[in-house]
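Results of the structural survey
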Amino acid sequence: IVYGLAYERSDIALKFEVLRSEKITIGLTGNVSYSGSALPLTGTLVIPEATTINFQTGIAENTLLIASAHKVNWTGSDVKLNVAPLQPLNQGSEFSNTTSYSLGLGRKLNEATSASLTYSWEKGTNPGGKSESPFTMSNGSETLSAGVQHKIGSITISGGISYTKAGDVDVTHSSGLTASYADNSVTAVGIKFGYNF
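Anyway, here's the lowdown on the structure attached to this text. Every chain is numbered independently, its residues counted from 1 as its sequence is written. It should be noted that, the model being predicted, local features are given only for residues of pLDDT at least 70 and side-chain atom pairs only at 80 or more, the latter also being counted only at that level, while totals for whole chains, interfaces and linings use all residues. Neither water nor hydrogens contribute to the side-chain values; these are computed over all heavy atoms in the structure.

Focus: the side chain of Thr-136
Applicable threshold: The way it works is that DSSP assigns letters per residue, a run of H or I at least four long becomes a helix, a run of E at least two long becomes a strand, and they are numbered from the N terminus. For the purposes of these results, a polar contact is taken to be a pair of N or O atoms within 3.5 Å, where, inside protein, one atom must be able to donate a hydrogen and its partner to accept one; residues adjacent in sequence count only when each atom of the pair is a side-chain atom. The contact criterion used is simple: two residues touch if any of their non-hydrogen atoms lie within 4.5 Å.
Note that Thr-136 resides in the loop between β11 (130-131) and β12 (141-152). A polar contact of 3.1 Å, which involves the side chain of Thr-136, links it to the side chain of Ser-131. The residues touching Thr-136, leaving out its near neighbours within four places in the chain, are Asn-126, Ser-131, Val-169, Val-171 and Tyr-181.

Regarding the sheet that holds strand β9 (residues 98-108)
Formally: Two strands pair under a simple rule: DSSP has to find at least two bridges between them. Axis definition: a line fitted to C-alpha atoms, limited for helices to the stretch in contact. Angles are taken between N-to-C directions and run from 0 to 180 degrees.
Read across the open sheet, the nine strands follow the order β1-β2-β5-β6-β9-β10-β12-β13-β16; overall the sheet is antiparallel. Only two strands of the sheet have a single partner each, and these edge strands are β1 (2-9) and β16 (185-195). Shown here is a sheet whose adjacent strand axes are inclined to one another by a mean of 10°, direction ignored. Here twelve bridges tie β12 to strand β13 (residues 155-166), and the two strands are oriented antiparallel to one another. Across the sheet, the residue bridging to Leu-144 is Tyr-163, located in β13.

Some words on the packing of aromatic side chains
Cut-off, in case you're wondering: Two rings from Phe, Tyr or Trp (for Trp, the six-membered ring) form a pair when their centres sit within 6.5 Å of each other. Planes less than 30 degrees apart are called stacked, planes more than 60 degrees apart edge-to-face, and all others tilted. Buried, partly exposed and exposed residues are distinguished by accessible area as a fraction of the type maximum, computed with a 1.4 Å probe on protein chains only: under 20%, between the cut-offs, and over 50%, respectively.
If you walk through the whole model with that rule in mind, you get three aromatic pairs. Residues Tyr-119 and Trp-121 carry aromatic rings whose centres are separated by 5.3 Å and whose planes lie at 20° to one another, so their mutual orientation is stacked. Between Tyr-195 and Phe-197 the ring centres are 5.8 Å apart and the planes differ by 25°, which places this aromatic pair in the stacked class. By the burial criterion, Tyr-195 is exposed, and Phe-197 matches it.

Some points on the pattern of salt bridges
As a reminder of what qualifies: In the sections that follow, a salt bridge refers to a side-chain nitrogen of Lys or Arg positioned within 4 Å of a carboxyl oxygen of Asp or Glu.
Under the criterion given, the structure shown has six salt bridges. Notably, a salt bridge pairs Arg-20 with Glu-49, separated by 3.4 Å at the nearest N-O pair. Taken together, the positions of Arg-20 in strand β2 (residues 14-21) and Glu-49 in the loop between β4 (37-47) and β5 (50-60) put the pair 29 residues apart, joining distant regions of the chain. With relative accessibility at 23%, the residue Glu-49 sits in the partly exposed group.

The values are spatial; any link to function lies outside them.
Next comes the structure, spelled out in structure tokens:
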């Protein structure tokens, strides 16, 4: 279930909206291959509840300030996998609540072209970059994104690029298994064509 509210003032290009999504619980069943045997597995996967606030306003002629905050209630929405015949194979996540933020500028360059630049960040929730959950693969992130939109008659061409740097994290599981995730980054490029008719 997703619901929300919005407020607009077109004279100053003001838009404010709050969106809320409720959590969804999904049951899992399957088998685990162990020493040549197929052991039954059950578990749960929870898509957590989340709240998003989006805001924009004009700050100068043809210039917008854009901001957002996205809070996800991961606590109580962990992944749990249970292998009844062999308890040491059980796995579970240990997620913490997170809030990510973004701040950017949008600029109308001319009647046909506009551009934007956005910085987004999420503070890590693993003190010292340490975690005991095998589902943890990063400790926060920082993202820089740039986009441009151009109109040619009834055709709109939109493109963008973003670079994300993931925070380093060292995982030590109770089983003794360890993993280290360091110097990871993601670069994404996208383009979209639209036609108005």
